[in-house]
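Residues per chain, in single letters:
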Amino acid sequence: MRGTRWMTAFCGFFALLVSPLMACLWDYDTLQQERSRFPNTLELITGWFPRHSDAFYHWRLQDRTSRLAKNPEDKEAYDDLAVAYEKLGDHKRAIEIIQQKEERWPGEYETAANYGTFLIHQGKFKEGLVEIQRAIEINPDAHFGREIYQQKLVEYVLSCKGEGDEGVSLPLTGEVPLSSYGMPKGFAEFVLASKAIDLRDSEAVAQEIALAQKGVLGMMRFGNHDSPILLEALASLLLVGREQGDAKRLAVRALLKASEETKGEVSAAYRELAADALDLQTIKPGNSQQIPLGQVADRFSQELQAAEEWYAELERDEKRWIEEGADPEAKFQEKYASKPQVQASFSSTGTKPQGQFLPRWTEGDSLRWLGILGAIAVLVPLAVFVKVLKRMLSRN
């Protein structure tokens, strides 16, 4: 009996020794490796992708107004005109135009999708959610199901801000880190819970997270790529390990961008989340030195500057085309049809690790486990020796 208690105590001690090491696995990826798994993500975070300028949308206001004056039955012109007002920040006028379209042609998918988005951008989340749900009912497969994740994001926002609270408190996740050993937090956790997905089912988790990432990236491309809510949601999805692994460096960039788009305590909170997201991300393979946030932030500042310079050229192009009397839509398509790729300044080398839903195995982990096995090889025989010695002494 006494021996059984001794062995139980030993096993408990061993479990305490091993458990933290099993939970804390160091992780290494280069930015290039992450980008190969998540193409176009850095471009959307930095704004390095084709999108129209304010000058273009002012031109479109005049052009579509003229088109509607000549042909009031031009349905597409209503959507174009409403979106132009929305892009220029006139939410009220955008809603008026889209309501006019609804009166003429009720039940159109595009109308419900645009109307819902306009309301959400105004902060009218509950009203916007109704319209997004209506759009999904009309056409659930439109935009590769993007509205489904727009609906989930609005529901998540509502769950975070509470009943009767008109404003939205950022970050949505509050003080909870967005990374916890590859387990879902924030929006990622909400998405998986909404479909009752078992976290032990790595394949189901990976599939759902991939769809949610695609949905959020779509919202960034066609909506507001610099929205702190979208950036925070994207970061939480990138921090969930998939079959190919997570993407901490990209997630940190999303959170740093959210920090730049906010002020004061909110900005500081997003920066703190960015630092948390780098937990266990090492400088190089087989190393346990965590990469400092400042290093990633410096590289990201360079990437943002390059993206801003690229977009400034696009703005100059559209302004020049309009001044010259050319068709800016045709010119834009001609020059910017192919997707640009941001030349990331943070280009380190390293072997791409084989990832999974749980944190990935690295060379450092191998050394750590060799140490554990070595300890077992010493402690187990020692425990047996002590037990035998005790028996011999008790007989004497």
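Asker: Account for the pattern of salt bridges, naming residues and giving values.
Answerer: Note that side chains of opposite charge can pair when their charged atoms are close. In total, this model carries 19 salt bridges according to the counting rule given. For E102, the salt bridge is made with R134, and the minimal N-O distance between the two is 3.8 Å. On the criterion of sequence distance, the pair formed by E102 in helix α6 (residues 91-104) and R134 in helix α8 (residues 125-138) is long-range, its members being 32 residues apart. Residue E102 is classed as partly exposed on the basis of its relative accessible area, which comes to 22%. Here R200 makes a salt bridge to D198, at a shortest N to O gap of 3.0 Å. Overall, R200 belongs to the exposed group, its relative accessible area being 74%. Judged by relative accessible area, which is 36%, D198 ranks as partly exposed. Sharing partners across several salt bridges, the network here consists of R60, D63, R64, D80 and E329.

Asker: Break down the packing of aromatic side chains for me, with residues and values.
Answerer: Throughout the structure, instances matching the rule amount to nine aromatic pairs. When the ring of Y156 is compared with that of F187, the centres are 5.7 Å apart and the planes differ by 50 degrees; the resulting orientation is tilted. Residue Y156 is located in helix α9 (residues 146-161), and its partner F187 is located in helix α10 (residues 186-194); the two are separated by 31 residues in the primary sequence. The exposure class of Y156 is buried, given its relative accessible area of 7%.

Asker: Could you give an account of the environment of T117, with specific residues and numbers?
Answerer: Within the fold, T117 resides in helix α7 (residues 109-121). Overall, the relative accessible area of 18% leaves T117 in the buried class. Along the sequence, T117 and E147 sit 30 residues apart, while their C-alpha atoms lie 9.6 Å from each other. From its side chain, T117 meets the backbone oxygen of A113 in a polar contact 2.9 Å long.

Asker: Describe the side chain of T173, naming the residues involved and giving the relevant values.
Answerer: With respect to the helices, strands and loops of the structure, T173 is situated in the loop between α9 and α10. Not counting residues up to four positions away in its chain, the partners in contact with T173 are Y156, L178, G186, E232 and L273.

Asker: So what about helix α16 (residues 328-336)? Which residues, and what values?
Answerer: Restricting attention to buried positions, one finds in α16 the residues P328, F332 and Y336. Each buried residue of α16 sits inside an arc of 40 degrees when the element is viewed along its axis, so together they form one side. Facing away from the buried side of α16 by over 90 degrees, the exposed positions are Q333 and E334. The distance from a side-chain oxygen at the start of α16 to the backbone nitrogen of E329 is 3.0 Å, and the residue carrying that oxygen is D327.

Asker: Which residues make up the nonpolar core, and what are the values?
Answerer: Ranked by size, the top nonpolar core spans 58 residues in total, and within it V216 and M220 carry the most contacts. Counting residues per element, this core draws most heavily on helix α12 (residues 228-238), at eight residues. Membership of the second largest hydrophobic core comes to 19 residues, among which are L68, I98, W105 and F118.

Cut-offs used in this document
Residues numbered from 1 in each chain as written. Predicted model: local features only at pLDDT ≥ 70, side-chain atom pairs only at ≥ 80, totals over all residues. Heavy atoms only, no water. Salt bridge = Lys/Arg side-chain N within 4 Å of Asp/Glu carboxyl O. Helix = DSSP H or I, 4+ residues; strand = E, 2+ residues; numbered from the N terminus. Buried < 20%, exposed > 50% of the residue type's maximum accessible area, 1.4 Å probe, protein only. Phe/Tyr/Trp six-rings, centres within 6.5 Å; stacked < 30°, edge-to-face > 60°. Polar contact = N/O pair within 3.5 Å; in protein donor to acceptor, adjacent residues only side chain to side chain. Contact = heavy atoms within 4.5 Å. Arc of directions from axis to C-beta. Core = buried A, V, L, I, M, F, W, Y, C linked by side-chain atoms within 4.5 Å.

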